[in-house]
Amino acid sequence: MITEHVDLRGSVEGRGREILSAGAVDFVVALEREFGATRRSLLQQRTERQARLDGGEKPDFLTATAKVRNDTW
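Residues numbered from 1 in each chain as written. Predicted model: local features only at pLDDT ≥ 70, side-chain atom pairs only at ≥ 80, totals over all residues. Heavy atoms only, no water.

### Focus on the overall build of the protein
When helices and strands are tallied, the protein shows 3 helices and 0 strands. Counting helices and strands in the order they occur from the N terminus, the protein gives α-α-α. When the 12 positive and 12 negative side-chain charges of the protein are each reduced to one mean point, those points stand 5 Å apart. (Helix = DSSP H or I, 4+ residues; strand = E, 2+ residues; numbered from the N terminus. Lys, Arg positive; Asp, Glu negative; His and termini not counted. Charge placed at Lys NZ, Arg CZ, Asp CG, Glu CD.)

Okay, structure coming up:
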């Protein structure tokens, strides 16, 4: 079972058991194991970006897209 060594907190009651089935939990666990580190990194980058924006940094276009923006339309 994929949910081995997984600590599920809280209770699932009533019809919630139909949604949070063993298969659904296995799927979420697999996603977290595969992409969790990337998700946490992106959330950290988002927090850092927001702090810079809160500090006055202005949003700008990506330098990688300059050619498209500067091209003849």
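### Considering helix α2 (residues 22–54)
The end-to-end C-alpha distance of α2, which contains 33 residues, comes to just 42 Å, noticeably less than the 48 Å that a straight helix rising 1.5 Å per residue would cover. Gly-56 sits one or two positions beyond α2 and adopts a positive phi of about 110°. (Expected span 1.5 Å × (residues − 1).)

### Structural notes on the confidence of the model for the protein
Do not read the predicted coordinates in detail wherever pLDDT is low. Scored by pLDDT, the protein comes out at a mean of 90, with 96% of its residues at no less than 70. By mean pLDDT, helix α1 (residues 16–19) is the weakest element of the protein at 84, and α2 is the strongest at 95. (pLDDT = per-residue confidence, 0-100.)

### Digging into the pattern of salt bridges
Summed over all chains, the structure comprises 7 salt bridges. Across the salt bridge formed by Asp-7 and Arg-9, the nearest N and O atoms sit 3.0 Å from each other. Summarising the burial analysis for this pair, Asp-7 and Arg-9 share the class exposed. Among the salt bridges present, the one from Arg-49 reaches Glu-57, with a minimum N-O distance of 2.4 Å. Judged by its relative accessible area of 28%, Arg-49 is partly exposed. (Salt bridge = Lys/Arg side-chain N within 4 Å of Asp/Glu carboxyl O. Buried < 20%, exposed > 50% of the residue type's maximum accessible area, 1.4 Å probe, protein only.)

### A word on the environment of Glu-32
Structurally, the position occupied by Glu-32 is in helix α2. Glu-32 sits 38 residues away from Asn-70 along the chain, and the two C-alpha atoms are 40 Å apart. If we skip the residues at most four places from it in the chain, Glu-32 touches Arg-39 and Arg-40. A distance of 2.6 Å separates a polar atom in the side chain of Glu-32 from a polar atom in the side chain of Arg-40. (Contact = heavy atoms within 4.5 Å. Polar contact = N/O pair within 3.5 Å; in protein donor to acceptor, adjacent residues only side chain to side chain.)

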